[in-house]
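# Descriptive structure summary
Here's the letter readout for the chains.
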Amino acid sequence: MTVPENLSRRAMLTKLGIFLNGIIAAILAIPVVGYLFSPVVRARKVGKDAWLLLGPVAQYPTGQTRFATFRNLDVQPWDGKTADSACWVRRIDTQTFQVFAINCAHLGCPVRWFPQSRLFMCPCHGGVYYEDGARASGPPERGLFEYPHKVEDGKLFIKSSALQTPGSPSALVKLSGKLPWA
Ligand code: FES
């Protein structure tokens, strides 16, 4: 009688060990699975076409171009100031705005606005843009990229969907008239 009891105890302990190992493995896998699926979950949560607040229109005087920042939606609490992005807001008249990406259309350096000359200038390779964002001179092959924007309840918003870059297919179409691989 002793031998079968020992055997069944051993079998039970083995099963218990496998069960506990399974639980521990599942607990350890949670952060790994969470990390792997976080981009999908975040993309759904953020939404592609959210509007981001740039502030009341009153803070952008007519006829001037002002520096502005906005908070990205896809942020973590510990991101701090790194979650802020910058842009240039040009107010043409009471209702008409242009919102430019701060990045140069050449290789992405941040451009600066010089109100005296009414030009945007890039410090990296000397790219220059007119006040309406059109290319003036230098290596950039096109003007500054613009954010879609809207005014609602006296506030200016821009669309958070991905901003074009020099490599975006639609940007290439604008440059060459057709897709390079078409
Ligand atoms: S990055 Fe602006 S001119 Fe090259």
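Preceding this paragraph is the structure being described.
Starting from 1, residues in each chain are numbered consecutively following that chain's sequence as written. In keeping with the predicted nature of the model, local features appear solely for residues at pLDDT of at least 70, side-chain atom pairs appear and are counted solely at 80 or more, and the whole-chain, interface and lining totals rest on all residues. In computing side-chain properties, one takes all heavy atoms of the structure into account and sets aside hydrogens as well as water.

### Let's talk about the sheet that holds strand β8 (residues 135–137)
- What the four strands build is an open sheet, ordered β5-β6-β7-β8; its pairing is antiparallel. At either margin of the open sheet sits one strand with a lone partner, and together these are β5 (112–114) and β8. Between one strand axis and the next, the sheet turns through 35° on average, direction left out of account.
- As paired strands, β5 and strand β6 (residues 119–121) are joined by three bridges and run antiparallel to one another. At least two bridges found by DSSP between two strands is the condition for calling them paired. What counts as a helix is a DSSP run of H or I of at least four residues, what counts as a strand is a run of E of at least two, and both are numbered from the N terminus. To obtain an axis, a line is fitted to C-alpha atoms, over the contacting stretch when the element is a helix, and the angle between two such axes runs from 0 to 180 degrees between their N-to-C directions.

### Digging into the sheet that holds strand β10 (residues 155–159)
- Strand order in the open sheet formed by three strands is β1-β10-β9, and the pairing between neighbours is antiparallel. The open sheet has two free edges, formed respectively by β1 (51–56) and β9 (149–152), since each of these has just one partner strand. Strand-to-strand, the axes of this sheet are offset by a mean angle of 30°, without reference to chain direction.

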